[in-house]
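# Observations on the model geometry
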There are 2 protein chains.
Amino acid sequence: MQKLTFEISMSLDGFVAGPNQTPEQPLGEGGEALHEWVFPLAAFREAHGLPGGETNADSDRLAETLAGTGALVMGRRMFSGGEGPWENDPNADGWWGDNPPFRAPVFVLTHHAREPLPKRGGTTFTFVTDGLEAALEQARAAAGDKDVAVGGGASVAQQYLGAGLLDEVLIHVVPVLLGDGVRLFDALDPRTVELQQTQVIESPSGVAHIAYRVVK
Amino acid sequence: MQKLTFEISMSLDGFVAGPNQTPEQPLGEGGEALHEWVFPLAAFREAHGLPGGETNADSDRLAETLAGTGALVMGRRMFSGGEGPWENDPNADGWWGDNPPFRAPVFVLTHHAREPLPKRGGTTFTFVTDGLEAALEQARAAAGDKDVAVGGGASVAQQYLGAGLLDEVLIHVVPVLLGDGVRLFDALDPRTVELQQTQVIESPSGVAHIAYRVVK
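Residues numbered from 1 in each chain as written. Chains lettered and ligands numbered in written order. Predicted model: local features only at pLDDT ≥ 70, side-chain atom pairs only at ≥ 80, totals over all residues. Heavy atoms only, no water.

Grouped together as the largest cluster of nonpolar side chains are 80 residues, with contacts concentrated most on A:Tyr160, A:Ile171, B:Tyr160 and B:Ile171. The residues touching A:Ile171, leaving out its near neighbours within four places in the chain, are A:Ile8, A:Met10, A:Leu184, A:Phe185, A:Ala208, A:His209, A:Ile210, A:Tyr212 and B:Leu12. (Core = buried A, V, L, I, M, F, W, Y, C linked by side-chain atoms within 4.5 Å. Buried < 20%, exposed > 50% of the residue type's maximum accessible area, 1.4 Å probe, protein only. Contact = heavy atoms within 4.5 Å.)

Glancing now at the pattern of salt bridges. Working definition: two side chains of opposite charge can pair if their charged atoms are close together. Taken as a whole, this structure holds 10 salt bridges over all chains when the rule is applied. Here A:Arg61 and A:Glu7 are joined by a salt bridge, their closest N and O atoms 3.4 Å apart. Taken as a pair, A:Arg61 in helix α2 (residues 57-68) and A:Glu7 in strand β1 (residues 4-11) lie far apart in primary sequence, 54 residues in all. The salt bridge partner of B:Asp167 is B:Lys216, with a shortest N-O separation of 3.0 Å. Highlighted residues: B:Asp167 in the loop between α5 (154-162) and β8 (168-174) and B:Lys216 in the segment after β11 (208-214), separated in sequence by 49 residues. For B:Asp167, a relative accessible area of 14% gives the class buried. (Salt bridge = Lys/Arg side-chain N within 4 Å of Asp/Glu carboxyl O. Helix = DSSP H or I, 4+ residues; strand = E, 2+ residues; numbered from the N terminus.)

Contacts between chain B and chain A engage 26 residues on the former and 26 residues on the latter. In total, about 2300 Å² of surface goes out of reach between chain B and chain A, with carbon and sulfur atoms giving 67% of it. It is B:Leu12, B:Leu177 and B:Gln197 that lose the most area in chain B upon contact with chain A, and together they represent 27% of the buried surface on that side. On the surface where chain B and chain A come into contact, there are six residue pairs in polar contact (both at pLDDT 80 or more). Within the residue set of the side of chain B that touches chain A, elements represented by two or more residues are β8, β10 (195-202) and β11 of chain B. Of the residues forming the side of chain B that touches chain A, the biggest block, seven residues, is contributed by β10(B). Partitioning the side of chain B that touches chain A into residue classes produces 18 nonpolar, five polar and three charged. (Buried area = accessible area lost by both parts, 1.4 Å probe. Polar contact = N/O pair within 3.5 Å; in protein donor to acceptor, adjacent residues only side chain to side chain. Nonpolar A, V, L, I, M, F, W, Y, C, P; charged D, E, K, R; others polar.)

Glancing now at the sheet that holds β11(B). All names here are of chain B. Here nine strands make up an open sheet; going across it, the order is β5-β6-β4-β3-β7-β1-β8-β11-β10 and the pairing mixed. Of all strands in the sheet, those bounded by a partner on one side alone are β5 (117-118) and β10. In this sheet, strand β6 (residues 124-128) lies alongside β5 in antiparallel orientation, the contact comprising two bridges. Bridge pairing in β6 links Leu 117 to Phe 125. Helix α2 (residues 57-68) contacts β1 (4-11), β3 (69-75), β7 (147-150), β8 and β11 of the sheet and is inclined by roughly 90° relative to β3. Sheet contacts for α5: β1, β3, β4 (106-109), β7 and β11; angle to β7, the most-contacted strand, approximately 125°. (Pairing = 2+ DSSP bridges. Axes fitted to C-alpha atoms, helices over the stretch in contact; angles between N-to-C directions.)

A word on the sheet that holds strand β11 (residues 208-214) of chain A. Residue and element names in this part refer to chain A. Ordered by their spatial adjacency, nine strands build an open sheet running β5-β6-β4-β3-β7-β1-β8-β11-β10, and the pairing between neighbours is mixed. In the strand order of this sheet, the two ends are held by β5 (117-118) and β10 (195-202), each with one partner. Bridging between β1 and strand β8 (residues 168-174) involves seven bridges; their strand directions are parallel. Note that in β8 the partner of Glu 7 across the bridge is Leu 170. Packing of helix α4 (residues 132-143) onto the sheet brings it into contact with β1, β3 (69-75), β4 (106-109), β6 (124-128) and β7 (147-150), and relative to β3 it is tilted by some 160°. Across the sheet, helix α5 (residues 154-162) touches β1, β3, β4, β7 and β11, and the angle it forms with β7 is around 125°.

What follows is the structure, encoded as structure tokens:
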């Protein structure tokens, strides 16, 4: 069955980005530390058009996720590079460059209609103005037999989780404290969400992967 | 070498107690859910003077921790049962009953001097008014060859972590969202703390144990 999945790196104190996000620093102050574990992986480098990298269990898992993902849904801030006055710029080209790492169609939730934005490597950004479920429906159709992933950010992931549409959540708990920034879970009614832990993996990259099934 | 350790159950959204703590509900609303995994364990039941229970890897680990802990340091709220007007009651008897589960001397950080309070089972509560390091020093002396544990709460644990006195932190990540309450990490300058993940354990109880070494 086609699933809706979401994975993200979270600091031990619950943040998925640091404070003071800017176009130059879309992960906020200190936020890069959340992703340092993934940068050296061969599968990450390959998705970004780079050679080499580490081949290990983390890289294999990432390659498997990328191969199993047929389409993504994404918030407008994730498309445009963080929160700020530029996020609704009708001419924004995103911050993913000409060859985005997704290798799949991406459906961007926005209030501003615009033409699809084709990129290299299999990604076309399609802008959806009629809500969560419409974006998901388009992504499901585009994904074929594969799964759909929520590409972030935290706000959109919480909306899908709160709406009961998410099937699986994978959290990479990174051994760092950020102290401030964007929290992963702060805009949900927690009573609407039931999670069941399905797997815990000690990573060769020094983080903890915890997989949850969303109980419907 | 004698270590200072701290372990605690934390919700996936970073809380160690729910909101609205009262003497009747010292873990706050929903906070019991953080500890449900530990209640059935044979080692937990034994420490609380109860027979039976589940013997599994979690119970073994808990038994090992209890056996390796020679003394504890604890905040006054942890002694008296949460935050509230009763926390400085000079006659408070704590909420741990006549036969506390610690099986070791407990040093309570407080601003109110009082006589030591002996209980059954190896626990005497000793009240320390001259600060973190003094309490730790007394606990180290009482622990002999064994380790000292921070018995909580979050505030005292953060003080020991921020002061560079903590050696090991073990977080039990519980698959529950509380949405509000007492956060484990919110009163620290995160730049003063460096953690290194040392072990990740998938628990038979459906939680994730993540162990960290504090880098000095």
